[in-house]
Amino acid sequence: MRKWLVIATIFLFWQKLGLFFVKHLRFFVVPDKKQFC
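Attention here is on the structure that accompanies the text. (Residues numbered from 1 in each chain as written. Predicted model: local features only at pLDDT ≥ 70, side-chain atom pairs only at ≥ 80, totals over all residues. Heavy atoms only, no water.)

Digging into the overall build of the protein
Argument step 1. For the protein, the helix and strand inventory stands at one helix and zero strands.
Argument step 2. For the protein, buried positions account for 0% of its 37 residues.
Argument step 3. Total accessible area on the protein stands at roughly 4,200 Å², and carbon and sulfur atoms take up 75% of it. (Helix = DSSP H or I, 4+ residues; strand = E, 2+ residues; numbered from the N terminus. Buried < 20%, exposed > 50% of the residue type's maximum accessible area, 1.4 Å probe, protein only. Areas by Shrake-Rupley, 256 points an atom, 1.4 Å probe, with all protein chains shown as cover.)

Have a look at this one:
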């Protein structure tokens with residue numbers, strides 16, 4: 001039972017971290033591409 005709880009917590013943590021990076025990388029990456037182009 002505890003193993004599944006830990007796995008679920010880690011999975012949700014990485015999912016939130018991934019969504020955070022996707023949201024914020026758009027703001028950082030898009031202006032950089034415009035400057036290089």
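What follows continues from the structure just given.
Focus: the packing of aromatic side chains
Argument step 1. Overall, the coordinates contain two aromatic pairs when judged by the stated rule.
Argument step 2. Judged by centre distance (5.9 Å) and plane angle (70 degrees), the ring pair of F13 and W14 falls under edge-to-face.
Argument step 3. For the pair F20 and F21, a centre-to-centre distance of 6.0 Å together with 75 degrees between the ring planes defines the contact as edge-to-face.
Argument step 4. You can call F20 partly exposed: its relative accessible area is 46%. (Phe/Tyr/Trp six-rings, centres within 6.5 Å; stacked < 30°, edge-to-face > 60°.)

Describing a nonpolar patch on the surface
Argument step 1. Residues V6, I10, F13 and W14 make up a contiguous nonpolar surface patch of roughly 440 Å² in combined accessible area.
Argument step 2. Mapped onto the fold, I10 is located in helix α1 (residues 2–36). (Patch = residues over 30% accessible without salt bridge, like charges linked within 9 Å, V, L, I, M, F, W, Y side chains within 5 Å. Salt bridge = Lys/Arg side-chain N within 4 Å of Asp/Glu carboxyl O.)

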